[in-house]
Every structure is written in C-alpha cells, then in structure tokens.
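# A look at the structure
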Amino acid sequence: MRRKAQATGVDMRLGPRPGEIIDRSRGLTFTWDGDTYPAYRGDTITSALAAAGVRVMSRSFKYHRPRGVMTTSYLDPGCLVQVGDEPNVRASHRMVEPGMSARPQNAWPSLRYDVKSANGALAPFLSAGFYYKTFMRPKRLWPAYERVLRGFSPGGAVSPEAAHDYYDKRYAHPDVVVAGGGPAGMAAAVAAAAAGAAVMLVEGEPELGGHLRWGAAPELAALGDLRRAVAATGGIEVLTDSVVTGRYDGNWVAVVQRSAPGVVERLIKARAGVLVAAPGLIERPYVFSGNDIPGVMLSTGARRLINLWAVKPGERAVVLTANSSGDAAVCDLADAGVDVLKIVDARSGEDVVRAKGGRTLRAVECADGTTVECDLLVTAVGWTAPTSLLNMAGDRPVYNERAARFFPGGGHDDVLATGGIAGDGSLEQLIDHGSAVGRAAARRAHEVSATTEIPSLPVEAHPALFKARTHGFVDFSEDVSSKELEEAVAEGYDSIELAKRYTTATMGPAQGKLESVNAVAVVAAATGATIAATGTTVWRPPYSPVTLGALAGRSFEPVRYSPMQPWHEAHGAKPLVAGQWIRPDHYGDPAAEVRSVRSGVGLIDVTPLGKFDLRGPDVPKLLNQLYINKWSKLALGSVRYGVMCAEDGVVLDDGVTGRLGDDHYLMTATSSGAETVWEWIESWLQTEHPEWRVHVARVTSDFASINIAGPRARDLLSLVVDDVALGPEEFPYMRVRSGSIAGIDGSFMWRIGFTGELSYEIHVPASYGLGVWETLLERGADLGVKPFGVEAQRILRLEKGHLIVGQDTDGLTRAYGAGLDWAVKLDKEDFAGKPELGWQEGRDDFLRLVGLRPLEGTAVPAEGSQIVEAGIIVGRITSSRMSPTLGRSICMGFVAPHLAEPGSAISIVAPDGSRVPAVVTPQLAQVDPKGERLHG
Amino acid sequence: MAEPAVIARSPITPAEPPSVVDGWEVSGRRSGAGLTLVDCMPLAKILVRAAPDGAVGRWLGTPFGRAGTNPDGVLVTGSGPDEWTLFGPHGSGRALVGAVEDLSGERELVSALDVTHGRTLMRLTGAAARPLLSKLCAVDLGNAVSPNSAVFRSSVAKVITDVVRDDRSGVPSYLVHCERSYGSYLFGALLDAGAEFGIEVDGYTSTEMRGV
Amino acid sequence: MILIPCPHCGERNVSEFQYVGEALTRPNPDGVDPEQWRSYLYLRSNPAGPTVESWFHRAGCRRYLKVERDTVTNEVTSVTLPGRGGPQP
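Residues numbered from 1 in each chain as written. Chains lettered and ligands numbered in written order. Predicted model: local features only at pLDDT ≥ 70, side-chain atom pairs only at ≥ 80, totals over all residues. Heavy atoms only, no water.

When its secondary structure is counted, chain B shows four helices and 14 strands. Taken over the C-alpha trace, chain B has a radius of gyration of 17 Å; the compact-globule value for 212 residues is 17 Å, and the two agree within 12%. For chain B, the C-alpha atoms occupy an extent of roughly 55 × 55 × 30 Å along the three principal directions. Here chain B holds 212 residues, and the buried ones make up 60% of them. (Helix = DSSP H or I, 4+ residues; strand = E, 2+ residues; numbered from the N terminus. Rg over C-alpha atoms; globule rule 2.2 N^0.38 Å. Buried < 20%, exposed > 50% of the residue type's maximum accessible area, 1.4 Å probe, protein only.)

Right under this line is the structure:
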C-alpha cells in the first residue's frame, strides 16, 4: 500500500528495511494541522510526516524559526506538538494512532506564515539576559509585560474541558533496576537475573535494543540474540516506553511507565538494591550558522529515520563525520537512494561553515570554500554521556579530553554504570561489560558489603568538535545561540552555572541532553579555560519531563464515616468536612435544630469524638500528668472535665474522662485533637514514664457516640434503657453508667452538658450505632425528637459559653487567658506545662476570653474580627452567631485585661470597616448562666 | 422494650443481594472470580496487650510480625511489640477476652479488648492480590520479606492498616484491617486498585473462620 | 526517600514516621529556671552532621525511637528505643 499524502503530494517512504518497526499491513490516517496524512502502525508523528515530505514541524520558542526533525527521538527539540487536548507531545516519540489529531505549537496564524517569526529579524535585541534586561523597568509596566510575554510563551494549549484520565502508581522492590535497554543494559539485566536477582529493565523507546535497532545486519543479529536472552531469563520485568526519572536517597528510583495497559501513565516507586545506569550516549549537535534549518540532522536521527521507519530523509546530502556513526550514516543514505554529494571528514580537519536556507535547507558552505546545494546535512561530531542518574547519587562527571566527553566519576556501591557512558569498545566488549556489571549488581544487592571488581571499557580517541567558526544555536529548545553565551561571559556571567541561568541555555525541554556540553565548550572557549576546568551544570531529577498526572497518580484521600452516615445521607444532611471526618453540618435549618433541643430533645452524632480506653493501676498518675487539673480521687462512676496544656503552657485539648472500673477509664478528646492527644499520651508513657503500668487503646471508631440533649432527654433515654436507673439522684450530672441501650450490651452513657441542656452522651458498639440511632428516633417520635448537626451544637455551646479548643483558643492561648484558672493545680507534683503555668500565675498581662453582646442585636461580627481601642488592636472575636434562644447576636472573644470586666464597652471592626459596638457580658454563658437546665 | 432487634452493620455497604447472617447484615453475593474481596466484619476481633515473655505472651505463642492458628481455630497475629490481634468465629469475642484475662497473673499488666466493632476486617484473595496491594502499600510483599503468615502494619492507600498474609490452599490471601471509620474508604480503594485485575466482591458466610 | 531501620518493623520508608525533633531530656520541673526550661522548649542545635533525633513510628509499631542520623548524608547509624528521656515539647 503506497500512498502519497494528499496535502504534500510527496512520498519519501522507502521499500522494506530489515530493521523497520512499521507494520505495512496496518495503514491508518491521522491529521496534522487540519490535513489528513497516511501512516503505518509503528510510525511516530514525525516519521509519518517526514514520509509525506513535511519538513517544518514547529516554530521555535523565541524567534519562531522553522524547525524540523533533528534527532528523531524523544529529545527532538523542534518537534513538540499538540495532540488533541494534550500539549507538548514529543512528536518524534509518540506513535500515531488512527484518527489522531495533531497540531503544531508556537505558530500563529499558521506554521507556514508565522507572524512572530519577525522576532528573527529582531534577534539583535533578544540578546543574552533578554528577559532580565528588557522587562525590568519601569516596574509599573510589569502587568503589561506579563500579558505580552504570555502571548509569546511556548507550549501548547491546556483545555479546561480535557477529560480526567486514569493515572496509576505502584511500589516495587527489585534487587536491580537497569536504566536503559541497549546492548549493555540487556546484558546486565540477563546476567543479574541469572545470578538470582529480581530485575527491572527500563527502556525509553517502545522496544529493547538501543542503537542496535537502527544498525546493520550484524547489529540486528546481536539484537535478536539479546532479546531472546531477556525473554528466556526468568526474573526480568521489562518496561518499555518507560523512563527512570530520578534516583533518590536509599536508591529510591522513580520510573514513569508511559504506555501501560488501561492507564495513561504509571509512576513506579522502586526501592532498588542496585541501580545500573545504562542510558547509552546521546549524539551532540554541532554549533554553526544555520544549524537549526530543517534538513540539518544528526547522524543517528537520519539512520533512525531510514532504518526504523523506512523514510528517506532527503534527496541530496552532505555528511560531516568525525566518527563511525557518521560513516554508517553515509552507507545508510546511499543505501536509501540519497545522493551523498560530499563527505566532510572532520578527522582530517575538514569542517562546515554555515547552512543556508529558509524553511528548508538549500546549501551548505564548507570550510574548504565550496558551497554544495543540497536538502540534507547530516552531522556526526560526537557524544554526550547522560550521567544524570549517577550525578543524582552524588557523582561528579569528569571530562576526558581524549574522548572529548564526560565520564562518571565512579565509586558507588549501589549505582553502577555500563554501556556508552562507561566507555567505548566493540559490541562484544560492551556486552561483556554489561554482563559483568549485572553480576556485580546482583551480588551487591544481596550482600551489602560486597564490592566486586568491574572491568573497564577502552576509551577511544575522538576529535573535540563543538563549534564551527560561525555562531549557531546551542540550545534549540530555548533558542540560545553561541553568540549569546559569549555575550553573557563578556558581561561577567563567566561560570557555566551563571551563564546557564542568565541565558536559559540547557533549561528548556531537552534539559541539557543535547546542548549541555556545547554550552560548556562555548563558555570554556570564551573564558579561555579548559572544558575540564569549566565543568558541567548539575543534572538533577527528573531525568525526563514528568506529567503532573503521573506525579499525582490515583489520589488517596482517606475519609472517615460514622456508622450513622447512611442515615445522614438519606435525610439530607449537609456534609461538613472536619479533618478526614465527614459530619452532618445541619439537616436544613440549624436554628430550628437549636430550638428543638432547648424546648424538647435532640440527637447529635458525635462519633468522631476521640476516645481512649485506659487500663492499669497507674492511670491516675497518667491523668495527673496530662491534665492541668487533679485526677487522683475520681470516684468509680464519675466523670470529670479536664484541660491539657503543652509544655509551653498553651491549651492543647480538653475533654472528659470517666472511671468505668477500678483500673479502667474512658477518656475523650476533641475530634480534631484525637490523633495529637494519642501520640502525646504515648510519648509520656514510652519516654518519661515507661515504669507506669498503663495500657492505652484508641477506641474512637469502636463506639458510635450520640449526644441526647434537651429537657426531654431523660424521657427519651428511659425508652431504650431499662437496666440503669436514670433519675436525677441515681444518675446525677457528671456520672457514667454501663448498661444496655436498645438491647445492646457493652454500651455506656454519661451525663455531661456541652449544649447546656440536660444531656446524656451514649456510646454503643459501633456496628449497632445506626440501629440505635433509628430506634431513638422511632421511639422518641412522640417526644418530638429531632436530629441536630454540628452547626446547631456550635450555637448551643456558644449560648452556654463553652469554649472549643482551636476555635476559641489558638497556639498562644495559655490556660489562664482562656478562663481556665480554676483548673490549674500547681500543687500537683508534675504535669505537662507546669513550670510555664507557674510563672504565669498571678500575671494579668494577657488577653482574656469573655462573652460579648453587640449592642445592635442583629449584628453578627465575623469570627476573626479585631477589637480596637484608639486605633490599637485590643482583642478579637473567636466565635459569633445569631442566638435563636435569645433572638439576638452573641459572641465570644479575647480582650485586653482592662476591658475584661463585665459591662466594658468595646468596639469591633467588621470586615467592611464599619464599627460594631458591644459590651462584655457578666460571664461566658449567655443562656442559663446558673446551670439550672444542665443539672435538671 | 427488651427486643434486641437492632441489627449489626458493617461500615461497608453490602453488595447486592443483601442477606443476614448471625445477626449481621452482610452481602449474599457469591463470586467465582480469580480475585475477590470479602467484608469479614462479623468475625470476632480481640486486641491483647501483654509482655511478650509473660504468661499470656507465651500462651499466644506467635511473635510480633507473625500469625498462627491456635487449636481452637483462632488466628493469633502478632500485631505489635507487646500486642496481638486475635480473630475468631462470630460471637467468640467474650470467651476470648475471658480466656486471656484468666491467664493474666497478678504482677503482669494484661489487657484484652473486644475490638470487633472498632476494626474493619476484609479478606483479599487471589493470584493478583500481591500486585494489587503493591499499588497501595510500600512494604515489600515478596516472599523473602512477607511470606505466608507474615503480619505487618503500614500505610495502605494512606490509611494505617494491619496486613496479615494468610494464604488459602496455596492461593495468596491477605486479611486487611483498619480503624472502622476508614473501612468504607479502604474497601473502595482496594476495589479501585483491583479493577485492572478483575476484582469482585464476594459475600460473607458464617464458615469464614473454618479451616484457617 | 530515606529508609529508617525500625528495630521492630525492619527498614521502612521515612514517610511512615513522624519526625519529633532533636532528642532532648526534660528538665526536672521542680526548681527549673525559665532560661533552662525555655531552652528545652525552643533551642535546637541543628547541626550539619551527626545528630540524635526522636522519631515516632506512626504507621508501624507506634513506638518512639531514638535515631542517630547524619543530616548531611542522611545516613542512619543507629536506632534504639528511647528509654527515659521525656516527651518532646
């Protein structure tokens, strides 16, 4: 099936190649920039476009220059495209799919006529440090600059309508992770697995093989052997189209699996025994005038295009070669029917000067004075060793002048290197080295102390070729030229790290893999230093860009529910997110819920209340240590309110604790403080008093907790309890009783009064919570029982003047300031926070918590509003609500001591700036200050 | 009153069809899938705290990090350095608490707490159980670190969770339990992670503890 | 992510642990002067190098641990049970 692309009328597809990865039996079509193109399964976006004769794939970032294929790999800097909703797709890596819609980026109004390419004409003005120089002054224009720059900023479009996709993550514990599936990596994986190691072999391309894939017959034969060995060796997990993006402490290795079944991407967090870095070598572009014109290509790029996708890269070629890859490209080009017009051999001192052309290459001017008209210039000037993963383990690369590239510094037990980054040599030598490294890795993964000798690879001489005598692009992604780098040095940015940041060279999508060494070479030449002395920039994670989706993965956000949650949901409760708990805020009308509690009886689900089962003879000692008040003589069946302070005297938590048996207590903590309190208890028991005989169990979830509040609370409870006497004398305020509730044994109940009403808090084994809740509502129907939510409870307790730790206190509130003076017992031997509270006793220079009433009963100043006096802040509102019981607004807040006396007039600043006058109330409680309802 | 008509419910909504077993609302679904998740909430769960070298510790027998079945068919798991979690048939909780308390001597502090209603317990069984859990848990689940009868506590889908490897006839199987209030979330997280392996909910039967 | 070798649970990811702070000894609250007490509350040596820290194995054995760690290399040289040292403020 030979099809010319309608849009171009060109067909550059070759006849079958022995190593091609396209499936000619599976043709398909996709669209590019609105036109339909043919492709085969196995084509990348750019290979299919190149087969149709398309040469311009994008416009460059700063100057909007036309760009085409250069590396035909993931790194191809001129081939970032938009695919459907997805921006910044690597078009030389992404496979085409039937119906795919791809568009160029950075081109407006079209790839062909890009108005912003006028930038090219302005190039002298877009000099080194362009951003820093141009958009600094005047400062008032920053918003305008931002708008303009945003219009020119690179990258595709993110669609807010893009569908949510399924990203995944998983953990792995391989003995050996091999990063790179070329010949050395495959050999290392096979040897390590044969030595008994569990191996993860990670390859960025869709298939294993590295450079063997685009090689000649001997390479293809070796490739077949190695692939068969990998398949035949048990214990190797092969991940293709995947990349090791980072190595962190403890050989924690991040792998992004780009195409896994059922998910868009998967992040694998692997704890590797040994990491083997086998990334191969990256071919380095050459710096000369016109080096970015479509038609200028690396030797590996041309060879991949010909051998993997059977695409002819051009018709008439010039080849600049300094190594065997360039020589092989000459053979491949000739074999593909390309007319190789001139071979410029850098090994004998030959060179190119500039490439000429506009949207495509027209001619190449050589150093010998000749100019050759052609549409393809292939360069093979040397290699960059991507030592990133080793650098992440602390390695600093060392420059080798003979080989004209950097090598790993070496000396790691758990990160080893093989393949091209470790040295040169024949294919056989590379495979042998990989095998030796794989065996060593397996040994070291199993015995930490094992240090095995690893043979070294030969290092071959290579000419040092970085830049011709003309200036050209160093960083293609960021449009940084060698001229700009020289200017940066002239302006004083003469270290590579400074020049990098000033010019943004190496900071674009290729992240230094193509341009880093050239940048170093240009800076070295400009400063007169050697490359070795100049050093490299530091490679940091990620090795390769990672999508936010892969990092986020499936999000785990635990939520906690009470056993009554199904009832709340079925009855229209408005959910309140309280930490991880989902609670009913109200069931429609919180004010009505308040009135129903004050006039009859209500139920609230208080299951999230922190609950601790305390057992052992030393529980009283523990309670005395934790709470600021006294606990030595809590009688059996009694309950006491307690306040905890941290060691700095700041209020930490509060709650009640009841004594259920001789050595058995139940403690409650605030819902939000439950976790902190539990760890606080354990820290005292484990570190300060390990001799105390106390067992603490967290039982928050074990019991469904329901507060029954209101004047009819006793009537309601008596309908479901018959083995506990509930009369006011038999079961008075602040007592606890065990018994059965609605027939459920193992329940207990205590009389407390957060709402200020007669109230019982019942705790039933959680599995029966929903049934007991429903039973209470059914049986209490005649009493008019209604559920109430957290909002009603907050109003009720504010009316009663009960503080909420964390709402009416903050990280600076000492017990004395919160009106808890009565609780502090400094005559106890010890308790948390005792020294600070001792020093505070008797002082009166801190804010006091008071009740407040705005004079205007309809004004509800927002919580957090400041209280001011003569322009100075003298307090703040901590809680404020409209009180349904009083029919007016009420508040609680902190005021300066001289304003704490009842009757003091204060002034609150509302968020809109208006003043709300208010008066300090006689006590915190504004409803039933004498507690008659509570004790009823 | 006196009619104890209140039914016991798991925090996990039972998969259709619902059914009642031993006074518990459970799922009556029967699945033949290769990977299943069962809500085992009705099983008795007892938390024991005691010195590892004391009378109770010796009687329980299994060290921290390991599980074993005692002659009464109770699965004893060493869930902490001085802590065990016991799993018994439905309704056996009170007897188990009594048995532990009978053994505790004068000097040693021993506590036995029935946490049947406070822990959500589920069983994950199938060849893909391990790859599923490794999507949610960072602990090495391989045989070298976590062989059959291994017990550990770690984070599973960001919930602090106890995991007991308790293979069934050579098929990998894990008992997974967490604080009850997280149960519905954790059950959902396991099902979501297991979708790619074809996980199905299987119902609970009163024979759940037999043959452990 | 660094590993902390828990004496009970084996090597676990640091994310299972809660960092409490430099290991400190609580002064005797009787007779302590404000300067001593507040240096216990607020002053930390924060060395670049070996340090002794308190960590809580929150998602594992729930034990407070004394961890000797080099803050430069993240190498953990010893992990023991804290014994008597006092809770961290």
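Residues and elements named next belong to chain A. Of the two faces of strand 9 (residues 176-179), the one holding Val 176 and Val 178 and the one holding Val 177 and Ala 179 are both buried throughout. With four bridges connecting them, strand 9 and strand 10 (residues 199-202) associate as parallel partners. Of the residues in strand 10, the one forming a bridge with Ala 179 is Val 202. This β-α-β element, strand 9 to helix 5 (residues 183-194) to strand 10, shows right-handed connectivity. Bridge analysis of strand 9 against strand 15 (residues 274-277) gives four bridges, and the strand direction is parallel. Within the sheet, the bridge partner assigned to Val 176 lies in strand 15 and is Val 274. (Pairing = 2+ DSSP bridges. Right-handed = clockwise from strand over helix to strand, strands pointing away.)

What follows covers empty space enclosed by the protein. All names here are of chain B. With the rule as written, the count across this model stands at eight cavities of 30 Å³ or more. Together, 14 residues line the second largest cavity, and Pro 14, Ala 15, Val 26, Ser 27 and Asp 39 are the ones closest to its centre. Counting only elements with at least two residues in the lining of the second largest cavity, the list comes to strand 3 (24-27) and strand 14 (200-202). The residue makeup of the lining of the second largest cavity, split by class, is seven nonpolar, four polar and three charged. (1 Å grid on protein atoms, 1.4 Å probe; cavity = no way out; pocket = protein on both sides within 12 Å on 5 of 7 lines; lining within 4 Å. Points joined across faces, edges and corners; volume = space filled by probe spheres on them. Nonpolar A, V, L, I, M, F, W, Y, C, P; charged D, E, K, R; others polar.)

In this section: the interface of chain A and chain B. In this complex, chain A contributes 49 residues to the contact, which on the side of chain B involves 44 residues. A buried area of about 3700 Å², summed over both sides, lies between chain A and chain B, and 54% of it is on carbon and sulfur atoms. On the chain A side of the contact with chain B, Phe556(A), His695(A) and Ser767(A) bury the most area, a combined 19% of that side's loss. Between Glu196(B) and Arg266(A) there is a salt bridge; the shortest N-O distance is 2.9 Å. At the junction of chain A with chain B, the criterion picks out 17 residue pairs in polar contact (both at pLDDT 80 or more). Where the side of chain A that touches chain B is concerned, the elements lending two or more residues are strand 8 (168-172), strand 33 (610-615), strand 37 (695-698), strand 40 (744-751) and helix 21 (769-779) of chain A. Residue contributions to the side of chain A that touches chain B peak at six residues, all from helix 21 of chain A. Residues of the side of chain A that touches chain B, tallied by class, amount to 23 nonpolar, ten polar and 16 charged. (Contact = heavy atoms within 4.5 Å. Buried area = accessible area lost by both parts, 1.4 Å probe. Salt bridge = Lys/Arg side-chain N within 4 Å of Asp/Glu carboxyl O. Polar contact = N/O pair within 3.5 Å; in protein donor to acceptor, adjacent residues only side chain to side chain.)

By a widely used convention, the size of an interface equals the accessible area lost when the partners come together. Residue and element names in this part refer to chain B. Along its sequence, chain B is carved into domain 1 (8-42 + 118-202) and domain 2 (44-114). Counting from both sides, the interface comprises 16 residues of domain 1 and, opposite them, 13 residues of domain 2. Overall, the association of domain 1 and domain 2 removes approximately 1200 Å² of surface from exposure, summing both partners, and the carbon and sulfur fraction of that is 59%. Viewed at the interface, domain 2 and domain 1 are joined by one salt bridge. Here Glu 83 ties to Arg 153 by a salt bridge, and the two come within 2.7 Å at their closest N and O atoms. For the pair domain 1 and domain 2, the interface holds nine residue pairs in polar contact (both at pLDDT 80 or more). Elements supplying a minimum of two residues to the side of domain 1 that touches domain 2: strand 10 (119-126), strand 11 (151-156), strand 12 (159-165) and strand 13 (173-179). (Domains from an automatic or database assignment.)

Let us look at the nonpolar core. Ile708(A) and Val772(A) are the most contacted members of the largest nonpolar core, which totals 50 residues. Top element by residues in this core is helix 21 of chain A. It accounts for five residues. Of the residues that make up this core, three or more belong to each of domain 1 (8-42 + 118-202) and domain 2 (44-114) of chain B. If you look at the next biggest cluster of nonpolar residues, it comprises 46 residues, including Tyr37(A), Ala91(A), Met100(A) and Val311(A). (Core = buried A, V, L, I, M, F, W, Y, C linked by side-chain atoms within 4.5 Å.)

On to the confidence of the model for chain B, then. The predicted model of chain B averages 92 in pLDDT, with 96% of residues at 70 or higher. We note a pTM of 0.93 for the whole complex and an ipTM of 0.96 for its interfaces. (pLDDT = per-residue confidence, 0-100.)

Along an α-helix, a turn takes 3.6 residues, which lines up residues three or four apart on a common side. Residue and element names in this part refer to chain A. The end-to-end C-alpha separation of helix 5 is 16 Å, in line with the 16 Å expected for twelve residues at 1.5 Å each. In terms of burial, helix 5 is a largely internal element, eleven of the twelve residues being buried. Residues Pro 183, Ala 184, Gly 185, Met 186, Ala 187, Ala 188, Ala 189, Val 190, Ala 191, Ala 192 and Ala 193 constitute the buried set of helix 5. Against the buried residues of helix 5 lie strand 9, strand 10, helix 6 (217-232), strand 11 (236-239), strand 15 and helix 10 (427-446). Once helix 5 ends, the next one or two residues include Gly 196, with phi positive near 100°. (Expected span 1.5 Å × (residues − 1).)

Let's shift gears to the side chain of Asn629(A). Residue and element names in this part refer to chain A. Relative to the helices and strands, Asn 629 is located in the loop between helix 18 (619-626) and strand 34 (639-645). Among the polar contacts made by the side chain of Asn 629, one reaches the side chain of Trp 631 at a distance of 3.5 Å. Sequence-distant contacts of Asn 629, that is, excluding residues within four places in its chain, are made with Asn 624, Arg 640, Tyr 641, Gly 642, Val 643, Ala 823, Lys 825 and Lys 828.

With that settled, the discussion passes to the packing of helix 11 (residues 482-490) of chain A against helix 13 (residues 516-527) of chain A. When two helices pack together, their arrangement is given by the angle between the helix axes and the distance between those axes. All names here are of chain A. Packing of helix 11 against helix 13 leaves a shortest axis separation of 9 Å and a crossing angle of 45°. Judged on the interaxial angle alone, helix 13 and helix 11 are oblique. The handedness of the crossing between helix 11 and helix 13 comes out as right-handed. Here Ser 482, Leu 485, Glu 486 and Val 489 of helix 11 come into contact with helix 13, specifically with Ala 519, Val 522, Val 523, Ala 526 and Thr 527. Here the residues of the contact of helix 11 with helix 13 sort into six nonpolar, two polar and one charged. (Axes fitted to C-alpha atoms, helices over the stretch in contact; angles between N-to-C directions. Parallel < 35°, antiparallel > 145°, perpendicular 65-115°, else oblique. Left-handed = near helix turned anticlockwise from the far one by under 90°.)

Let's shift gears to the packing of aromatic side chains. All names here are of chain A. Taken as a whole, this structure holds 19 aromatic pairs over all chains when the rule is applied. Between Trp 567 and Trp 773 the ring centres are 5.6 Å apart and the planes differ by 70°, which places this aromatic pair in the edge-to-face class. Of this pair, Trp 567 sits in helix 16 (residues 565-570) while Trp 773 is found in helix 21, placing the two residues 206 residues apart along the sequence. For the pair shown, Trp 567 and Trp 773 are each scored as buried. When the ring of Tyr 627 is compared with that of Trp 631, the centres are 4.6 Å apart and the planes differ by 25°; the resulting orientation is stacked. Judged by its relative accessible area of 0%, Tyr 627 is buried. When its relative accessible area of 1% is taken as the criterion, Trp 631 is described as buried. (Phe/Tyr/Trp six-rings, centres within 6.5 Å; stacked < 30°, edge-to-face > 60°.)

Looking now at the interface of chain C and chain A. Taken together, the contacts link 30 residues of chain C with 28 residues of chain A. The junction of chain C with chain A conceals about 2500 Å² of combined surface from both sides, 50% of it contributed by carbon and sulfur atoms. There are six salt bridges connecting chain C and chain A. Between Lys834(A) and Asp30(C) there is a salt bridge, with the nearest N and O atoms lying 3.7 Å from each other. Taken together, the links from chain C to chain A amount to 14 residue pairs in polar contact (both at pLDDT 80 or more). Counting residues per element, the side of chain C that touches chain A draws most heavily on helix 1 (residues 34-42) of chain C, which supplies six residues.

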